[in-house]
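Summary of structural features
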Amino acid sequence: MDRSFAGRLGIGAVTPPARREARRRRRKPSTPVASGSRVDRALALLWRLPGALARAVAALWALARAHRRLRIGLIAALIAAPALGGGWLWLRHSSLVAVREVRIAGAHGADASAIDSALTAAARRMSTLDVRPAVLRTAVAAYPIVARLDVHASFPHSLSIRVVEQPPVAAVDVGGARTAVAADGIVLGPAHLAGSLPALSAAAPLAPGERVRSPALLAALAVLGAAPAPLAAQTERAFSGSKGLTVVLHGGVRAYFGDGSRPHAKWLALARVLADPSSAGAAYVDVRVPERAAAGFAAGVTPPAIAGATEEGAASTPSSSGSSQALAEGLSAAVGTGRSSAPATGSSGEHEAGSSGEHEAGSSGEHEAPSSSGEAEAATGGEAAAAGAGEAGTGERSH
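Residues numbered from 1 in each chain as written. Predicted model: local features only at pLDDT ≥ 70, side-chain atom pairs only at ≥ 80, totals over all residues. Heavy atoms only, no water.

Digging into the overall build of the protein
Along its length, the protein carries 12 helices and 14 strands. Out of the 399 residues belonging to the protein, those deemed buried represent 34%. Across the protein, the fraction of contacts at a sequence separation of at least 24, relative to all contacts at a separation of at least 6, is 61%. If you sum the accessible surface of the protein, you get close to 22300 Å²; carbon and sulfur atoms cover 59% of it. (Helix = DSSP H or I, 4+ residues; strand = E, 2+ residues; numbered from the N terminus. Buried < 20%, exposed > 50% of the residue type's maximum accessible area, 1.4 Å probe, protein only. Contact = heavy atoms within 4.5 Å. Areas by Shrake-Rupley, 256 points an atom, 1.4 Å probe, with all protein chains shown as cover.)

Right under this line is the structure:
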């Protein structure tokens, strides 16, 4: 017996042997469970599962026998479930809800009638309770102009389908054969060519429905697809030169984009430079850095007077908060016939950015013109201008 002062207070008391042994056993590391024992445990649980289910069913049946109303409801549910399921399956495919009226909107161009016929034939094999969009998409898979389908069923017999098209943004020339291509690189085919499409060139043949694989060509298509409507109508061609991606406008004015990054900001910066009076007569505009867009002039062309142009340009140039449609007034004169004095580039020299008669960046004829103050503002204005270019029309046809 511990008669010390610490022992009376319970401090440092001697631990009984049995308690020490129990603590020692708890401190011993537990042996890891073998994987075999885990498998055996899982198999044992699976073996006992049918018995547990049987006991649960027996308990439920005993409860139903003890309560007459519960027993009647359970029997009625067991009888009605197959009947209700079969009735629903019959109703989904019956003539009571069959599609009889198909309304299609959004299809245009040479393939419009064929797209309408394919969708109508596929829709009439459905019901308003069993609409299969995947089947409708497969029916128009042969027409790459169709980007997606918006389907809405109206009980009991109507089905509305809105065709969302991806318009062509360029005419790609492959060995003399021209084909229309969308902004995402999908080849649309020669049937969708238009005279207003800018020209691009490619080396590998392109079949309708496939996607362009060339990174340079994909970047050019993405830039052309982001063009605001006023500038898209003024674009003639695009090619790769020493300044990177170069877009040529009406009158021979070149726009140096460099690459396909920030296309909306670059287009808006180009629009602001062209609409500014101080860039009248420019041979090229460098928008590789949208916040510092610069206009350059050919040899022998004197830039407009800079003195007093700041106040005049501020009054005539649209503010950053205005939409790109307000720029159309200045763009008509900037890229129209008034720039015919700019040196035109022949087809043989399209891939050479520095032609004879043109001074590149750093020459005395180059100056910076007002552009967007930031990327976010530029991208917002450019996207607002390009929003109307890719939307399909709203003409609707019923079948």
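Focus on the packing of aromatic side chains
Applying the stated criterion to the full structure yields two aromatic pairs. Ring geometry for Tyr256 versus Tyr284: centroids 5.3 Å apart, planes at 35 degrees, classification tilted. With Tyr256 in strand 10 (residues 254-258) and Tyr284 in strand 11 (residues 284-286), this pair connects stretches of sequence that are 28 residues apart. The exposure class assigned to Tyr284 is buried, which follows from its relative accessible area of 1%. (Phe/Tyr/Trp six-rings, centres within 6.5 Å; stacked < 30°, edge-to-face > 60°.)

Considerations on the pattern of salt bridges
Applying the stated criterion across every chain yields a total of nine salt bridges. Put simply, Arg92, Asp130 and Arg132 are held in one network by salt bridges that share partners. (Salt bridge = Lys/Arg side-chain N within 4 Å of Asp/Glu carboxyl O.)

Focus on the nonpolar core
With 35 residues, the main nonpolar core has Leu200, Leu221, Phe257, Trp267 and Leu270 as its most contacted residues. Listing elements by their share of this core, those giving two or more residues are strand 4 (168-174), helix 7 (215-225), strand 9 (244-249), strand 10 and helix 9 (263-275). Per-element accounting of this core gives the leading share, six residues, to helix 9. Setting aside its immediate chain neighbours within four residues, Leu270 contacts Leu231, Leu249, Ala255, Phe257, Val285 and Val287. (Core = buried A, V, L, I, M, F, W, Y, C linked by side-chain atoms within 4.5 Å.)

What about a nonpolar patch on the surface?
Side chains of Val39, Leu43, Leu46, Leu49 and Leu53 sit close together on the surface and give an oily, nonpolar patch of about 490 Å² of accessible area. The topology assignment puts Leu53 in helix 3 (residues 35-66). Judged by its relative accessible area of 51%, Leu53 is exposed. (Patch = residues over 30% accessible without salt bridge, like charges linked within 9 Å, V, L, I, M, F, W, Y side chains within 5 Å.)

A short note on helix 9
With 13 residues, helix 9 extends 18 Å between its outermost C-alpha atoms, agreeing within 8% with the 18 Å of an ideal straight helix rising 1.5 Å per residue. In terms of burial, helix 9 is a largely internal element, 13 of the 13 residues being buried. (Expected span 1.5 Å × (residues − 1).)

Things to note about the environment of Arg237
For Arg237, the position within the fold is in strand 8 (residues 235-241). The class of Arg237 is buried, set by a relative accessible area of 13%. Placed 13 residues apart in sequence, Arg237 and His250 show a C-alpha to C-alpha distance of 9.3 Å.

Notes on helix 5 (residues 112-123)
Owing to its 3.6 residues per turn, the α-helix aligns residues three or four sequence positions apart on the same side. Over its 12 residues, helix 5 runs 16 Å from end to end, which matches the ideal 16 Å to within 8%, given 1.5 Å per residue. Among the residues of helix 5, those classed as buried are Ala112, Ile115, Asp116, Ala118, Leu119, Thr120, Ala122 and Ala123.

So, the side chain of Asp111
By the element assignment, Asp111 lies in the loop between strand 1 (101-105) and helix 5. Of the side chains with opposite charge, Arg137 lies nearest to the buried Asp111, which makes no salt bridge, at 12 Å. A distance of 3.1 Å separates a polar atom in the side chain of Asp111 from a polar atom in the side chain of His192. Ignoring sequence-local partners within four residues, the contact set of Asp111 consists of Tyr143 and His192. (Lys, Arg positive; Asp, Glu negative; His and termini not counted. Polar contact = N/O pair within 3.5 Å; in protein donor to acceptor, adjacent residues only side chain to side chain.)

What about unusual backbone geometry?
The omega torsion of the bond from Phe155 to Pro156 falls at 10 degrees, within 30 degrees of zero and hence cis. Its location among the elements puts Pro156 in the loop between strand 2 (146-154) and strand 3 (158-165). Phi is positive for Arg262, close to 50 degrees, though the residue is something other than glycine. Residue classification places Arg262 among the partly exposed residues on the basis of a relative accessible area of 27%.

Details of the pairing of strand 3
Most of strand 3 sits out of view: six of its eight residues are buried. With five bridges connecting them, strand 1 and strand 3 associate as parallel partners. Opposite Glu101, over in strand 3, you have Ser158 as the bridge partner. (Pairing = 2+ DSSP bridges.)

Some thoughts on the environment of Gly225
As for its placement among the helices and strands, Gly225 is situated in helix 7. C-alpha of Gly225 to C-alpha of Val169: the two residues are 56 residues apart in sequence and 5.7 Å apart in space. Excluding anything up to four places from it in sequence, Gly225 contacts Val169 and Ala183.

Details of the confidence of the model for the protein
Mean pLDDT over the protein works out to 76, with 68% of the residues at or above the 70 mark. Looking across the protein, the model is least confident in helix 12 (residues 375-386), with a mean pLDDT of 39, and most confident in strand 10, with 97. Taken together, the stretch residues 370-395 has pLDDT below 50 and engages in 52 contacts with residues farther than four places along the chain or on a different chain. (pLDDT = per-residue confidence, 0-100.)

A closer look at the side chain of Gln166
Tracing the chain through its elements places Gln166 in the loop between strand 3 and strand 4. One polar contact links the side chain of Gln166 to the main-chain carbonyl oxygen of Pro144, over a distance of 2.6 Å. Excluding anything up to four places from it in sequence, Gln166 contacts Pro144, Ile145, Val146, Ala147, Ala182, Asp184, Ile186 and Leu188.

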